[in-house]
Amino acid sequence: CTLYRPQGLEELRSVLGRRQELDFISRGQGRSYGDAALNARRGVILTHGSGEGMHLDTASGTLECLAGTTLAEILDYAVPRGYSLGITPGTKRISLGGAIAADVHGKNHHKEGTISHQLLGFSLLTAEGNILDCSREENSDLFWATLGGMGLTGVILGVRLALKASTTAYVTSSNERCRDLDDVLTRMEEGDRRYDYAVAWIDCLAKGRALGRSILMRANPAELEDLAPARRERPHHVPSRLRPSVPLFLPGWVLNPWSMRAFNAAFYTAHRNQRQILDFDRYFYALDRVEHWNRVYGRRGALQYQVVLPSAQAREGL
């Protein structure tokens, strides 16, 4: 790829003016599935943000920031002020522009939908060099095309986002062991509506009666009275932790059906039925707690398969 890191709007317009020579794609933190920001033999515009220029209207909860701002930077800025992201994926180390381009969802998908639910609008620099304000009311076709458009409609510049008021930076989490696939699906259908957040870890290697045994991990925002007395004094404080790091790519043979089956059995055994108070880092961003976790999969990486099935055929399909 031919890389560009434009400094400022005019330089960015100048880069796009070369589109007779190259097609361009924006790249934020480079964590999209399928290496979406690689544009072989073409142009890549690096849009890393610095977290600067954020403004939060504490009366309305409206945040204005640059598209290159990461979700981590937004949380560091907003959580101490009593606000959080209404919808967040399983990592906070992505850019807001990338989150919009992928129309990300989170553990409250069953109630809130995707990031479009909290997105108020954005400014978009098109290939022709025009800056358009896009929202549900203005340039609405372009607004919806950019959501999930994987960067193909232009370069997102500034974003307006509706944040969610939060009493604390914690959740009340409930873990439930489910003996098999039917058990976890039944509990989802019967109980998910009582929780704002829901996710299941499913053992896809278990066989026989244990096929699809699972850990159902659901949560609701914690209120002040849910916290221990010491935490109530600083309800929006999240303790900092040391993050271990995977120092090198593991050999490809380390992950195999036997080692994965042993890991799954240990994981299932370790997660007993329990309720606990967790800060949002521990509940929402488990993988972010380990630097370079992808190296566990070796240099070949991993293939993730995501599927949406109609309700009537979901059990049979799974």
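Please refer to the structure higher up on the page.
Residues numbered from 1 in each chain as written. Predicted model: local features only at pLDDT ≥ 70, side-chain atom pairs only at ≥ 80, totals over all residues. Heavy atoms only, no water.

**As for the side chain of Ser 116**
Tracing the sequence through the fold places Ser 116 in the loop between helix 4 (109-112) and strand 7 (119-125). Relative accessible area serves as the criterion here: at 12%, Ser 116 is assigned to the buried category. Among the polar contacts listed, one links the side chain of Ser 116 to the side chain of Thr 114, at a separation of 2.8 Å. Setting aside its immediate chain neighbours within four residues, Ser 116 contacts Asp 103, Arg 136, Trp 144 and Leu 147. (Helix = DSSP H or I, 4+ residues; strand = E, 2+ residues; numbered from the N terminus. Buried < 20%, exposed > 50% of the residue type's maximum accessible area, 1.4 Å probe, protein only. Polar contact = N/O pair within 3.5 Å; in protein donor to acceptor, adjacent residues only side chain to side chain. Contact = heavy atoms within 4.5 Å.)

**Remarks on the packing of aromatic side chains**
Scanning all chains against the criterion turns up 11 aromatic pairs. The interplanar angle of 40° and the centroid separation of 4.6 Å between the aromatic rings of Trp 201 and Phe 267 together place this pair among those described as tilted. Of this pair, Trp 201 sits in strand 12 (residues 197-202) while Phe 267 sits in helix 8 (residues 257-270), placing them 66 residues apart in sequence. Here the aromatic residues Tyr 197, Phe 280, Tyr 283, Phe 284 and Tyr 285 are joined through ring pairs into a cluster of three or more. The lysine or arginine in question, Lys 107, covers the ring of Tyr 283, its NZ or CZ lying 5.6 Å from the ring centre. If you follow Arg 213 out to its NZ or CZ, it ends over the ring of Tyr 268, 4.8 Å from the centre. (Phe/Tyr/Trp six-rings, centres within 6.5 Å; stacked < 30°, edge-to-face > 60°. Lys NZ or Arg CZ within 6 Å of the ring centre and 35° of its normal.)

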